[in-house]
Amino acid sequence: MLHISNVAMEIQMAYHADSNFDIDFAVQVALLHDTLSTKKEKMMDSLNRINELDKEVGMVKLADRITNLQPPPGHWGEDKVSNYLNEARMLDKMLEDKNEYLNARLKSKILEYEQHL
């Protein structure tokens, strides 16, 4: 539950930085975003579908990854950390035009996360 509220907060902070999107819709998507499948093999399909939808959906995906790029759990091996970092880079590239604030935040979190390799 904390993760979902953190994603919604990232969306709200993005709105304060630049309010050129539907905040109500974006927060609704943020609250529901983890009800979708998150398997690795579906990531590319998911990002392609996100790019066909309203920008608020892509913004929630960015906010989701921002809040997930915390120090990895101690039981994660280097391969898993590296894969998660590569997914974040791919997400950043595929959703680079969704929201300037969130894209900059994600780039910053990716740089921080690289220290865990």
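Before going into details, it helps to say that this report is about the structure given with it. Not measured: the values here are computed from a predicted model.

Across its full length, the protein chain carries six helices and zero strands. Ordered by position in the sequence, the α and β elements of the protein chain form the string α-α-α-α-α-α. If one aligns the C-alpha atoms of the protein chain with their principal axes, the spans along those axes are about 40 × 25 × 25 Å. Put simply, the protein chain has 117 residues, and 42% of those count as buried. Long-range pairs, those at least 24 residues apart, make up 73% of the contacts in the protein chain between residues at least 6 apart in sequence. Roughly 7100 Å² of accessible area belongs to the protein chain as shown, and the carbon and sulfur atoms make up 52% of that amount. Charge-centre separation for the protein chain: the mean point of 14 positive side chains lies 5 Å from the mean point of 20 negative side chains.

The next thing to look at is the packing of aromatic side chains. This model, assessed by the stated rule, comprises three aromatic pairs. Judged by centre distance (6.0 Å) and plane angle (55 degrees), the ring pair of tyrosine 84 and tyrosine 113 falls under tilted. One end of the pair, tyrosine 84, is in helix α5 (residues 78-94); the other, tyrosine 113, is in helix α6 (residues 100-113), and 29 residues separate them in sequence. In this structure, tyrosine 84 and tyrosine 113 share a single accessibility class: buried. By way of ring pairs, the aromatic residues Trp76, Tyr84 and Tyr113 are connected into one cluster. Taking NZ or CZ as reference, arginine 65 lies 4.1 Å from the ring centre of tyrosine 84, over its face.

In total, this model carries seven salt bridges according to the counting rule given. Between arginine 49 and aspartate 45 there is a salt bridge whose closest N-O contact spans 3.0 Å. Of this pair, arginine 49 and aspartate 45 both sit in helix α3 (residues 43-52), four residues apart, which is roughly one turn of the helix. With relative accessibility at 46%, the residue arginine 49 sits in the partly exposed group. Arginine 65 serves as the salt-bridge partner of glutamate 87, at 3.3 Å between the closest nitrogen and oxygen. Taken together, the residues glutamate 87 in helix α5 and arginine 65 in helix α4 (residues 55-68) connect sequence positions 22 residues apart. Relative accessible area serves as the criterion here: at 14%, glutamate 87 is assigned to the buried category. Residue arginine 65 is classed as buried on the basis of its relative accessible area, which comes to 4%.

Bringing the layout of surface pockets into the picture now. For the second largest pocket, the calculated volume is near 230 Å³. Lining the second largest pocket are 12 residues, and of these Trp76, Lys80, Tyr84, Glu87 and Tyr113 lie nearest its centre. The biggest single contributor to the lining of the second largest pocket is α5, with four residues. Tallied by class, residues from the lining of the second largest pocket come to six nonpolar, three polar and three charged.

About the criteria used
- For every chain, the first residue of the written sequence is number 1, and numbering continues from 1 along that sequence.
- Two thresholds apply to this predicted model, a pLDDT of at least 70 for residue-level local features and 80 or more for giving and counting side-chain atom pairs, whereas whole-chain, interface and lining totals are computed over all residues.
- Hydrogens and water are ignored here; the side-chain numbers use all heavy atoms of the structure.
- Helical segments are the DSSP runs of H or I of at least four residues, strand segments are the runs of E of at least two, and each set is numbered from the N terminus.
- Throughout this description, buried means an accessible area under 20% of the type-specific maximum (1.4 Å probe, protein chains only), exposed means over 50%, and partly exposed covers the range between.
- In this description, contact between two residues means that some pair of their heavy atoms is separated by no more than 4.5 Å.
- Computed with the Shrake-Rupley method and a 1.4 Å probe, the accessible areas treat only the protein chains shown as cover for residues.
- None of His or the chain ends enter the tally, which takes Lys and Arg as positive and Asp and Glu as negative.
- All charge positions are set by atom: Lys at NZ, Arg at CZ, Asp at CG, Glu at CD.
- Only Phe, Tyr and Trp rings take part, Trp by its six-membered ring, and two of them pair if their centres are within 6.5 Å. Stacked means planes under 30 degrees apart, edge-to-face means over 60, and tilted covers everything else.
- For a lysine, the NZ atom is tested; for an arginine, the CZ atom; a charge sits over a ring if that atom is within 6 Å of the ring centre and within 35 degrees of the ring normal.
- One side-chain nitrogen of Lys or Arg within 4 Å of one carboxyl oxygen of Asp or Glu is enough to make a salt bridge.
- With a 1 Å grid spanning the protein atoms alone, the term cavity applies to any set of points in which a 1.4 Å probe fits but cannot get out, the term pocket to an open set with protein on both sides within 12 Å along at least five of seven lines, and the term lining residue to any residue with an atom within 4 Å of a point.
- Grid points are joined across faces, edges and corners, and a volume is the space filled by probe spheres set on the points.
- Think of it as three bins: nonpolar holds Ala, Val, Leu, Ile, Met, Phe, Trp, Tyr, Cys and Pro, charged holds Asp, Glu, Lys and Arg, and polar takes everything else, Gly as well.

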